[in-house]
Amino acid sequence: MTIASRLSVLLGLAAALVIPPPAAGQPMLSDVGATKAITCSACHGAGGNSRSDLMPILAGMDAAYFKKQINDYASGERPSPEMEPYAKQVQDLGVDALAAHFAGQKTQPTALRADAAAVERGRTAAAECVVCHGKDGKGEKAKLIPSLAGQPPGYLRTQMLLFKQDQRNPKDATLKAMKTLMKTIPDERLSDLAAYYSSLR
Ligand code: HEC
Ligand code: HEC
């Protein structure tokens, strides 16, 4: 048998094995969110595991916290010119499927290594955060307090500054305690806190 004819036999076998397409309206993948999440990977990385210092990791994010953020971006309560259009798109696509998709991904913590001295200073300063974000920095799902562990330091620092300047959810009275606390912390200490939380696993 020539290589070409062997190949055609193999291709014939492969064609016979092709699984018929799913009936119309039936999702091709059990994880419907995976297809919908493709646009997000451009900024948030493959499977939501951002490798960038400025983009948050979505992999393993609690679904209820994810939904709150999407709704807040879409309504403009959490102002972000970058996320607002995508948040509206997520609402159209179905926020539950995307929330479930990202919650089901395994978190790969940031590979960015913060300066060891900054991490130690941050560990001390974090005593004020433990009451809400927990000893391990993993937050508290029931209270919609997010995990900070392993998020990129640049993203964490930016968000702390936005809270401090009352630019993240400016009208949300429930975040008042956290914002008041942020206002008491000098900017360079915020960098230490970001270094510390990004180092947690
Ligand atoms: C053009 C880049 C870009 C794309 C594409 C993008 N995002 Fe974002 N996303 C960002 C940025 C930047 C932030 C942080 C914005 C801020 O400061 O609040 C963010 C923040 C988020 C957050 C908040 C995370 C947290 O820890 O609070 C969620 C949730 C999110 N994005 C979901 C999505 C989803 C789902 C998609 C795909 C439908 C998507 N994003 C597409 C840039 C992007
Ligand atoms: C009173 C409880 C409380 C305290 C104390 C607190 N936080 Fe938070 N933190 C929250 C809540 C709630 C959110 C989510 C806000 C939202 O829904 O937008 C949050 C969000 C954050 C975020 C954004 C995470 C993300 O994925 O976007 C960062 C960063 C953060 N906190 C850092 C800190 C640090 C550092 C401290 C200590 C200096 C601290 N927080 C103290 C309740 C608290």
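Being a predicted model, the structure only gives us computed values, none of them experimental. (Residues numbered from 1 in each chain as written. Chains lettered and ligands numbered in written order. Predicted model: local features only at pLDDT ≥ 70, side-chain atom pairs only at ≥ 80, totals over all residues.)

Asker: Tell me about the packing of helix α4 (residues 63-75) against helix α5 (residues 83-93), residues and numbers included.
Answerer: Each pair of packed helices gets described by two things: the angle between the helix axes and the distance between those axes. Where α4 meets α5, the axes come as close as 8 Å, and the angle between the chain directions of the two elements is 120°. Relative to α5, α4 is oriented oblique. Viewed along their axes, α4 and α5 form a crossing whose handedness is left-handed. Across from I70, Y73 and A74 in α4, the residues of α5 making contact are M83, E84, A87, K88, V90 and Q91. When the residues that make up the contact of α4 with α5 are grouped by side-chain class, the tally is six nonpolar, one polar and two charged. (Axes fitted to C-alpha atoms, helices over the stretch in contact; angles between N-to-C directions. Helix = DSSP H or I, 4+ residues; strand = E, 2+ residues; numbered from the N terminus. Parallel < 35°, antiparallel > 145°, perpendicular 65-115°, else oblique. Left-handed = near helix turned anticlockwise from the far one by under 90°. Contact = placed C-beta atoms within 7 Å. Nonpolar A, V, L, I, M, F, W, Y, C, P; charged D, E, K, R; others polar.)

Asker: Give me the lowdown on the site of ligand 1, citing residues and values where you can.
Answerer: Neighbouring residues of ligand 1: 20 residues in total, closest C40, C43, P56, S80 and Y86. Elements that contribute at least two residues to the shell around ligand 1 include exactly α3 (38-44), α4 and α5. In terms of residue count, the dominant contributor to the shell around ligand 1 is α3 (five residues). Grouping the amino acids of the shell around ligand 1 by side-chain chemistry returns 13 nonpolar, five polar and two charged. (Near = placed C-beta within 6 Å.)

Asker: I'd like a description of the nonpolar core, backed by residues and values.
Answerer: Counting 16 residues, the largest nonpolar core has L156, M160, L193, A194, A195, Y196 and Y197 as the members making the most contacts within it. Residue assignment for this core shows that the elements contributing at least two residues are α7 (116-125), α9 (153-164) and α11 (187-199). A total of six residues in this core trace back to one element, the largest contributor, which is α11. Filtering out sequence-adjacent residues up to four positions away, L156 remains in contact with L148, Q151, A194, Y197 and S198. Core analysis: the second largest hydrophobic core is formed by 15 residues, L58, A74, L98 and A99 among them. (Core = buried A, V, L, I, M, F, W, Y, C linked by C-beta atoms within 7 Å. Buried ≥ 20, exposed ≤ 12 C-beta atoms within 10 Å, placed from the backbone.)

Asker: Give me the site of ligand 2: which residues, what numbers.
Answerer: In the neighbourhood of ligand 2, 21 residues make up the surrounding shell, with C129, C132, Q159, A177 and M178 lying closest. Grouping the amino acids of the shell around ligand 2 by side-chain chemistry returns 16 nonpolar, three polar and two charged.

Asker: Account for α7, naming residues and giving values.
Answerer: A turn of α-helix holds 3.6 residues, and therefore any two residues three or four places apart point the same way. Of the residues making up α7, those classed as buried are A118, V119 and G122. Relative to the axis of α7, the buried residues are bounded by an arc of 100° and lie together on one face. Exposed residues on α7 whose side chains face more than 90 degrees from its buried face are A116, A117 and T124. Packed against the buried residues of α7 are α11. (Arc of directions from axis to C-beta.)

Asker: Lay out the environment of G134 in plain terms, naming residues and giving numbers.
Answerer: Take G134: it is sitting in the loop between α8 (130-133) and α9. In this structure G134 comes out as partly exposed when scored by C-beta crowding, with 15 C-beta atoms within 10 Å. Spatially, the C-alpha atom of G134 lies 9.7 Å from that of L148, the residues being 14 residues apart in sequence. Excluding anything up to four places from it in sequence, G134 contacts G139 and E140.

Asker: Summarise unusual backbone geometry; cite the residues concerned and give the values.
Answerer: Even without being a glycine, L144 presents a positive backbone phi close to 60°. The residue L144 is located in the loop between α8 and α9 in this model. Owing to 14 C-beta atoms within 10 Å, L144 belongs among the partly exposed residues under this scheme.

Asker: Which residues make up helix α6 (residues 95-103), and what values do they have?
Answerer: For α6, the complete set of buried residues consists of L98, A99, H101 and F102. Viewed end-on, α6 has its buried residues packed into an arc of 160°, placing them on one side of the element. Close packing links the buried residues of α6 with α2 (32-36), α4 and α5.

Asker: How would you sum up the packing of α7 against α11? Please name residues and give values.
Answerer: Between α7 and α11, the least distance of the axes is 7 Å, while the angle of their chain directions is 95°. Taken together, α7 and α11 sit at an angle that is classed as roughly perpendicular. Judged by residue contacts, A118, V119, R121, G122, R123 and A125 of α7 engage R189, S191, D192, L193, A195, Y196 and S199 from α11.

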